[in-house]
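Here are the chains, one letter per residue:
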Number of protein chains: 2
Amino acid sequence: MPGDQGPQRRGPTIYDVARECGVAPSTVSRAFSRPGRVNAETAARIRAVAETMGYRANPLARALPTGHTSLLALIVSDVTNPFFFEIIRGAEQAAAAAGYTVLVSDVQESAQAERQALDRVVPLVEGVVLATSRMSDSTIRVMAKQRPTVVLNRVLTEVPSVVTDNSRGMRRAVEHLGELGHHTVAYAAGPEASWADGMRWRSMREAGYELELKVRRLGRFEPTVRGGLDAAHALALAPATAVVCYNDLVAIGLMRGLSSMGARVPAEVSVVGFDNIFGSDFCSPPLTTVAAPLRALGSHAVRALLRELGHTTPHAVRATVLPAQLVVRGSTAKPGRRRHAWTKDAAAPPEPVSGPARASGSASAAAATAAFPSASSAASAAAPARTGQPAHSPPA
Amino acid sequence: MPGDQGPQRRGPTIYDVARECGVAPSTVSRAFSRPGRVNAETAARIRAVAETMGYRANPLARALPTGHTSLLALIVSDVTNPFFFEIIRGAEQAAAAAGYTVLVSDVQESAQAERQALDRVVPLVEGVVLATSRMSDSTIRVMAKQRPTVVLNRVLTEVPSVVTDNSRGMRRAVEHLGELGHHTVAYAAGPEASWADGMRWRSMREAGYELELKVRRLGRFEPTVRGGLDAAHALALAPATAVVCYNDLVAIGLMRGLSSMGARVPAEVSVVGFDNIFGSDFCSPPLTTVAAPLRALGSHAVRALLRELGHTTPHAVRATVLPAQLVVRGSTAKPGRRRHAWTKDAAAPPEPVSGPARASGSASAAAATAAFPSASSAASAAAPARTGQPAHSPPA
DNA sequence: ATGAAAGCGCTAACAT
DNA sequence: ATGTTAGCGCTTTCAT
């Protein structure tokens, strides 16, 4: 029966308050949702009575006719990944400031579980922020048709986005390594589906070209500590004095792998991470990393979304680019002498790694040499860019 | 106007599907929410038509008459605290398995912001899991009156709870330290409002008494890395060869503080944490810690909550106690010789720390000596206890 | 097994 | 400024 208690403890409604006040229910409604459209005194009286009766507006009932749930969804690929912590925090803050609540939804598992989680959450919210690296562009576009959408860390035509300035960040990292005296730097790549990975690798090639450093790619590893461990093995096969990693998790795993193989960081290998996640400052050694403006990423994303909700008319889709910052800690240093023990390239003779290095030509299959001109020149976005076209055009 | 588009893109309703199928709307409704109460064939036809029309039930409309939102709230004191990561994950898993979605809500800031966040979330959900250490017991009881509630990491009469077996965990930690040869162990205390802190300190005193180790309390520190840094200074004033920390964050901070003061961990000081959060394995040295069953904590909490929702009749309130496990890593070792440089007790002469230690009597005000009998004997919960009365009676 | 109709609590025309 | 009334999309009696 409709009138049952249900799991929801039902309290007084506007009807109860109205009766108590001797006014019409609509007046009570207005007293709350449209103050000013009702006599100041009656409004005050209504509020007082409502207060003593313990009246609370039912958000469900309020949302049904209007579609205004005051809910936003933040879809992440893994709540457990520290990369998202500050993003979530930033998003919640911006949302709360606007009277919205964010529904954080985790869609890791299968594509099917993803679909299910989305189906459950999306109908409830007014808009969604997508922060899941491995979701396909087309799935994202489909989503964007159903609800106002903003995508994080990826640039898409048609869907507004908020991204870190990977290009400048990478540039800083490579400069730093160059200044320390490294001549060849490796990139421990992340998932192919990751837009950020593409940007980072590409930016690294550009930076390497301009700064005249040799650049090599290692791998494709899982974006986890585990993946970093794998990267350590790949590095043993194709040594380098410095490695920039797809993200901090990989960098941390790499450092651990390296140290368990007996290679000293940063004495023998310098390691740079990406993102500056929780934990990157207390790993050992503390990680030098390209800090993403995590909190800002989250808050800008919801602000962009809120803007989107406001727009009733079509308008320009834009990408917001937020500046990254190189945080230098203990995992990078001048290239040092290598105790050759930990490398495994039995074939190639040991070669001096400091000095005008020639990249080992006989590198493993996983490593690709790439030090050639690239189509576009270095990015030039203003550092504190809050919004505007991305400094770097997305890879077609 | 009620019929506008709103922010919500409205799709086909049961009325549309009904018309298309030549049946009544109520039949369509039944076809979905009460399969079996409708002819198998018509049901199939309805589903098919609905599918092609892209019909999706509106959860708001569904929830309004029934109060069944399929939403649960998980209130945490700080989404950013790694302690909650796996808890959230566990909760989401258990919820999803039951067709529920969890709304994670962060209520850090002010008590006022807390109230606001709660007001926004609670009316939407069918039940709530409270995982916020610093919320008062009375606030919790008030909450429990409004919605079915389960509280995490704290035992309350009247409200069902899920907790870690702090007692056994602490016991293991102290045993471990004792076996290594430590004679006096310090406890770096956490917030006074924390139920877990009370349990841990109390359990430590009991364990110390039974195992004949001296036990001292340091502090009350913020439950953060920052607090651990403070603990390092406190420890310099009142040295000990081993310290168990309120949680991993404090332990990590302590290790950092210690090492920046020139004290070696574990050579000079052994450090034990609590919880086994993300990061505790890659800090330096890797942290020995009492691992809380984080994931299980989350999933048991929602299962308990779901059970609560099922119960329509009053029933016994119970506490579920989940076993902790000592994870021995690199931060603990036999007590070694102390290079006295880092301690700061100018007053007291240096004393040998290994050997039948007498706790330094001239300890700082922050340190309290406590090695005396305690009222209750050691806990005796079965290790894999899934549920039942807590092994240790809650502090009145 | 299915249809008709009331109602969940609120908002928003449309009156007055 | 306030009252009247019709929905929002669904569930659920109550009939048939």
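Predicted model only: the values in this text are computed from it and were never measured.

Q: Help me understand the protein's contact with DNA strand D, please; the structure alone is not making it clear to me.
A: Near DNA strand D you find 31 residues, and of these A:S26, A:T27, A:N39, B:S29 and B:R62 are the closest. In DNA strand D, the atoms that sit within 4 Å of the protein are 67% sugar and phosphate, with bases accounting for the remainder. Between DNA strand D and A:T27, the relevant distance is 2.6 Å, taken from a phosphate oxygen to a side-chain nitrogen or oxygen of the residue. Here the surface near DNA strand D is built from residues that sort into 13 nonpolar, eleven polar and seven charged.

Q: Got a minute to help me understand the sheet that holds strand β1 (residues 71-76) of chain A in this structure?
A: Within a sheet, neighbouring strands are paired by backbone hydrogen bonds and run either parallel or antiparallel to one another. Residues and elements named next belong to chain A. Strand order in this open sheet of six strands is β2-β1-β3-β4-β5-β11, and the pairing throughout is parallel. Bordering the open sheet on either side are β2 (101-106) and β11 (319-322), each of which pairs with just one other strand. When strand polarity is set aside, the average angle formed by the axes of neighbouring strands in this sheet is 20 degrees. Across the sheet, helix α5 (residues 85-97) touches β1, β2 and β4 (149-152), and the angle it forms with β2 is around 155 degrees.

Q: Any chance you could explain the relation of the copies chain A and chain B here in plain terms?
A: One copy of the chain maps onto the other through a rotation about an axis followed by a shift along the same axis. Under the fitted operation, chain A is carried onto chain B by 0.0 Å of movement along the axis and a turn of 180 degrees, and the coordinates agree to an RMSD of 0.1 Å. Taken together, the rotation and translation relating the two chain copies correspond to the operation of a two-fold axis. Considering only C-alpha atoms, the part of chain A nearest the rotation axis is A:C283, at 2.2 Å. By residue overlap, the copies meet face to face through one surface: 100% of the interface positions of chain A are interface positions in chain B.

Q: Would you mind showing me how to read the interface of chain A and chain B here?
A: Often, the extent of an interface is quoted as the loss of accessible area upon association of its parts. Contacts between the two partners involve 60 residues from chain A, matched on the other side by 60 residues from chain B. Taking both partners together, chain A and chain B bury about 4900 Å²; carbon and sulfur atoms supply 54% of that area. At the junction of chain A and chain B, the tally comes to six salt bridges. Our enumeration of links across chain A and chain B arrives at seven residue pairs in polar contact (both at pLDDT 80 or more). Taken together, the elements giving at least two residues each to the side of chain A that touches chain B come down to α4 (59-66), α5, β2, α6 (111-121), α7 (137-146) and α11 (248-260) of chain A. Across the side of chain A that touches chain B, the residue classes break down as 29 nonpolar, 14 polar and 17 charged.

Q: When you look at the nonpolar core in this model, what are you seeing that I'm missing?
A: Within soluble globular proteins, side chains that are nonpolar tend to cluster in buried spots. With 117 residues, the main nonpolar core has A:L258, A:V271, B:L258 and B:V271 as its most contacted residues. Setting aside residues up to four positions removed in sequence, B:V271 forms contacts with B:V243, B:C245, B:A251, B:L254, B:M255, B:L258, B:V265, B:L287, B:T288, B:S331 and B:T332. Counting 42 residues, the second-largest nonpolar core is a separate cluster that includes A:A73, B:L118, B:M135 and B:V159.

Cut-offs and rules
Residues numbered from 1 in each chain as written. Chains lettered and ligands numbered in written order. Predicted model: local features only at pLDDT ≥ 70, side-chain atom pairs only at ≥ 80, totals over all residues. Heavy atoms only, no water. Near = heavy atom within 4 Å. Polar contact = N/O pair within 3.5 Å; in protein donor to acceptor, adjacent residues only side chain to side chain. Nonpolar A, V, L, I, M, F, W, Y, C, P; charged D, E, K, R; others polar. Pairing = 2+ DSSP bridges. Helix = DSSP H or I, 4+ residues; strand = E, 2+ residues; numbered from the N terminus. Axes fitted to C-alpha atoms, helices over the stretch in contact; angles between N-to-C directions. Contact = heavy atoms within 4.5 Å. Least-squares fit on C-alpha atoms with pLDDT ≥ 70 in both. Buried area = accessible area lost by both parts, 1.4 Å probe. Salt bridge = Lys/Arg side-chain N within 4 Å of Asp/Glu carboxyl O. Core = buried A, V, L, I, M, F, W, Y, C linked by side-chain atoms within 4.5 Å. Buried < 20%, exposed > 50% of the residue type's maximum accessible area, 1.4 Å probe, protein only.

Coordinates in, geometry out; function isn't part of it.
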